[in-house]
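Read off the chains here:
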Amino acid sequence: MVKAVYPGSFDPPTFGHLNIIERARTIFSEIHVVVAVNSEKKYLFSEQERLELMSELVKPWDNVFVHSWNNLIVEYARRVDARVLIRGVRNLADFSYEFDLAMMNRGLNREIETIFLSTDPEYFVLRSSAIKELASFGGDVSSMVPPNVAIALGKKYPLAHQQAISG
Ligand code: ADP
């Protein structure tokens, strides 16, 4: 009965994130999705917005929980008694970044293992930053993010969204 934590910015959640959660929830007894709050980072969506979007998305899954956290992730894992940190990797660049992060977290707590799940091929181009950029130009993001996120993005960029639908 191993519990896992899946941390990230989720600014905003994408089908790529959901795919990782959906697969991980069949491997681990509980998944604690942690919406990271880092005062050094600039987010498009507030902590509350990211938390609400993600909570809505995981509602159908009874072993998935969503929280926000503004401290070390290994500390969060310790609190919920999770032994695993899940991270998703799309390509070599992701892996190199994730590997360094895993080493750092290992240095902080040797009882917690980072496990990487590789993206499913259809999601490997999905990246929150690129999706935000596309939405800011009024591009159609409906194949990349769930409907609640597409609506929220439309509200962040009302002008671009309006121009796109009026052609
Ligand atoms: P961060 O802000 O920490 O870079 P994100 O919030 O974008 O991370 O994502 C959280 C985790 O999900 C990271 O491990 C990231 O690599 C992974 N991830 C993001 N998008 C995808 C995707 N399309 N396929 C697989 N993993 C993904």
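Above this text sits the structure in question.
Predicted model only: the values in this text are computed from it and were never measured.

Caption draft 1: Summary view of the side chain of Ser128. Here Ser128 lies in helix 5 (residues 128-136). Relative accessible area serves as the criterion here: at 15%, Ser128 is assigned to the buried category. Excluding residues that lie within four positions of it along the chain, Ser128 makes contacts with Asp11, Pro12, Thr14 and His17.

Caption draft 2: Highlighting the nonpolar core. Core analysis: the biggest nonpolar cluster contains 31 residues, and Ile21, Ile31, Val33, Met54, Ile86 and Leu153 have the highest contact counts within it. Counting residues per element, the ones that place at least two in this core are strand 1 (3-8), helix 1 (15-24), strand 2 (30-36), helix 2 (47-58), strand 3 (64-69), strand 4 (84-89), helix 5 and helix 6 (147-156). By residue number, the principal contributor to this core is helix 2, which donates five residues. Residue contacts for Met54: discarding those within four places in its chain leaves Phe10, Pro13, Leu18, Ile21, Val33 and Val66. One finds Tyr76, Ala77, Ala82 and Leu85 within the second-largest nonpolar core, a separate group that totals eleven residues.

Caption draft 3: Focus on unusual backbone geometry. Cis geometry marks the peptide bond from Asp11 to Pro12; its omega dihedral reads 0°. With respect to the helices, strands and loops of the structure, Pro12 is situated in the loop between strand 1 and helix 1. Phi at Phe10 takes a positive value of approximately 50°, unusual for a residue other than glycine. Non-glycine residue Asp81 carries a positive phi angle of around 65°.

Caption draft 4: Inspection of the environment of Ala24 at higher detail. Within the secondary structure, Ala24 is located in helix 1. The exposure class assigned to Ala24 is buried, which follows from its relative accessible area of 1%. In this structure, the C-alpha to C-alpha distance between Ala24 and Leu117, residues 93 residues apart in sequence, is 8.3 Å. Aside from chain neighbours lying at most four places away, what touches Ala24 is Ile31, Ile86 and Leu117.

Caption draft 5: Layout of the site of the ligand. As a matter of local geometry, the ligand sits amid 17 residues, with Tyr6, Ser9, Phe10, Gly88 and Tyr123 nearest to it. A distance of 3.1 Å separates an oxygen atom of the ligand from a polar atom in the side chain of His17. Gly88 is positioned such that a nitrogen or oxygen atom in its backbone is 2.6 Å from an oxygen atom of the ligand. In the complex, the protein chains occlude 89% of the 550 Å² of accessible area that the ligand would expose alone. Sorting the residues of the shell around the ligand by element identifies strand 1, helix 1, strand 4 and helix 4 (92-108) as the ones contributing at least two each. Across the shell around the ligand, the residue classes tally to six nonpolar, six polar and five charged.

Definitions and limits used
- Residues numbered from 1 in each chain as written.
- Predicted model: local features only at pLDDT ≥ 70, side-chain atom pairs only at ≥ 80, totals over all residues.
- Heavy atoms only, no water.
- Helix = DSSP H or I, 4+ residues; strand = E, 2+ residues; numbered from the N terminus.
- Buried < 20%, exposed > 50% of the residue type's maximum accessible area, 1.4 Å probe, protein only.
- Contact = heavy atoms within 4.5 Å.
- Core = buried A, V, L, I, M, F, W, Y, C linked by side-chain atoms within 4.5 Å.
- Near = heavy atom within 4 Å.
- Polar contact = N/O pair within 3.5 Å; in protein donor to acceptor, adjacent residues only side chain to side chain.
- Areas by Shrake-Rupley, 256 points an atom, 1.4 Å probe, with all protein chains shown as cover.
- Nonpolar A, V, L, I, M, F, W, Y, C, P; charged D, E, K, R; others polar.

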